[in-house]
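# Structural overview
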Amino acid sequence: LTYNSNAGKLSLENIVAEGNITVEGAITASDGTVNITGSLEATNDIITSSDARFKENVATITDALNKVMNMRGVNYNMIGSEELKLGLIAQEVQKVIPEVVHGDTNLGVAYGNIVALLIEAVKEQQEQIDKLRGN
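Residues numbered from 1 in each chain as written. Predicted model: local features only at pLDDT ≥ 70, side-chain atom pairs only at ≥ 80, totals over all residues. Heavy atoms only, no water.

Of the regular secondary structure elements, the protein chain holds three helices and six strands. Element order for the protein chain, N to C, with α for helix and β for strand: β-β-α-β-β-α-β-β-α. Out of the 135 residues in the protein chain, the part that is buried amounts to 13%. (Helix = DSSP H or I, 4+ residues; strand = E, 2+ residues; numbered from the N terminus. Buried < 20%, exposed > 50% of the residue type's maximum accessible area, 1.4 Å probe, protein only.)

Structural data, given as structure tokens:
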């Protein structure tokens, strides 16, 4: 724990806290990672940077509907808990869209990134519907 009075900053390194931590202002992780065991609740939006100025090699997702059809939504409970949840199995998702699966020993899914796939799948499906209608 260090405090830089000139910068008005408090630095925490390798902190393990039991109980609540309240922070007014921003939390920045120097390595870009904040790990939370348990739930994350936000009273506002959770925002992912998506500015076109920082992207390259941009291409529309292809075969989106087929990718969606090859994923499985599941109901489950975590081992040791009876609370029913719904989601995906990371190992199954990894076979279809590996770019949204992260981790080495414990895999996680970047659920927000799947929205782009769903948008393109809906558009593909709408094209099929329009063709069937003769549009």
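Further notes follow.
Let us now look at the layout of surface pockets. Of the volumes computed, that of the second largest pocket is approximately 560 Å³. Looking at the second largest pocket, it is lined by 15 residues, and the ones nearest its centre are Met 78, Leu 88, Leu 107, Gly 108 and Val 109. Looking at the lining of the second largest pocket, the elements that each hand over two or more residues are helix H2 (90-96) and strand E6 (108-109). Residue composition of the lining of the second largest pocket, by class: nine nonpolar, five polar and one charged. (1 Å grid on protein atoms, 1.4 Å probe; cavity = no way out; pocket = protein on both sides within 12 Å on 5 of 7 lines; lining within 4 Å. Points joined across faces, edges and corners; volume = space filled by probe spheres on them. Nonpolar A, V, L, I, M, F, W, Y, C, P; charged D, E, K, R; others polar.)

Our focus in this paragraph is the environment of Asn 106. Turning to its location among the elements, Asn 106 is positioned in the loop between strand E5 (101-102) and E6. Of the residues examined, Asn 106 reaches a relative accessible area of 65% and is grouped as exposed. Put simply, Asn 106 and Ala 90 are 16 residues apart on the chain and 9.2 Å apart in space, counted from C-alpha to C-alpha.

Next up on the list: the nonpolar core. Judged by nonpolar contacts, the single largest core of 13 residues is most densely connected at Met 71, Val 93, Ile 97, Val 100 and Ile 114. Residue assignment for this core shows that the elements contributing at least two residues are helix H1 (64-69), H2 and helix H3 (114-133). Per-element accounting of this core gives the leading share, three residues, to H3. When neighbours within four sequence positions are excluded, Met 71 is seen to be in contact with Val 93, Val 96, Ile 97, Ile 114 and Leu 117. (Core = buried A, V, L, I, M, F, W, Y, C linked by side-chain atoms within 4.5 Å. Contact = heavy atoms within 4.5 Å.)

Topologically, Glu 120 is positioned in helix H3. A residue is classified by how much of its surface remains accessible, and Glu 120, at 15% relative accessible area, is buried.

With that settled, the discussion passes to H3. For H3, with 20 residues, the first-to-last C-alpha span of 29 Å sits near the 28 Å given by 1.5 Å per residue. By the burial criterion, the buried members of H3 are Ile 114, Leu 117, Glu 120 and Ala 121. The buried residues of H3 all sit within an arc of 130° when viewed along its axis, so they share a single face. Opposite the buried face of H3, at more than 90 degrees from it, the exposed residues are Val 122, Glu 127 and Arg 133. Taken from the residues just after H3, Gly 134 is the one with a positive phi, measuring 85°. (Expected span 1.5 Å × (residues − 1). Arc of directions from axis to C-beta.)

Where nonpolar side chains cluster on the molecular surface, the patch consists of Ile 21, Val 23, Ile 27, Val 34, Ile 36, Leu 40 and Ile 46 and spans about 730 Å² of accessible area. Mapped onto the elements of the fold, Ile 27 is located in the loop between strand E2 (9-11) and H1. (Patch = residues over 30% accessible without salt bridge, like charges linked within 9 Å, V, L, I, M, F, W, Y side chains within 5 Å. Areas by Shrake-Rupley, 256 points an atom, 1.4 Å probe, with all protein chains shown as cover. Salt bridge = Lys/Arg side-chain N within 4 Å of Asp/Glu carboxyl O.)

Per the counting criterion, the structure on display carries four salt bridges. Put simply, Glu 83 and Lys 85 hold a salt bridge, and the shortest N to O gap is 3.9 Å. Given a relative accessible area of 29%, Lys 85 falls into the partly exposed group. Lys 123 is paired through a salt bridge with Glu 120; the nearest N and O atoms lie 3.0 Å apart. Separated by three residues within a single helix, Lys 123 and Glu 120 lie in helix H3, roughly one turn from each other.

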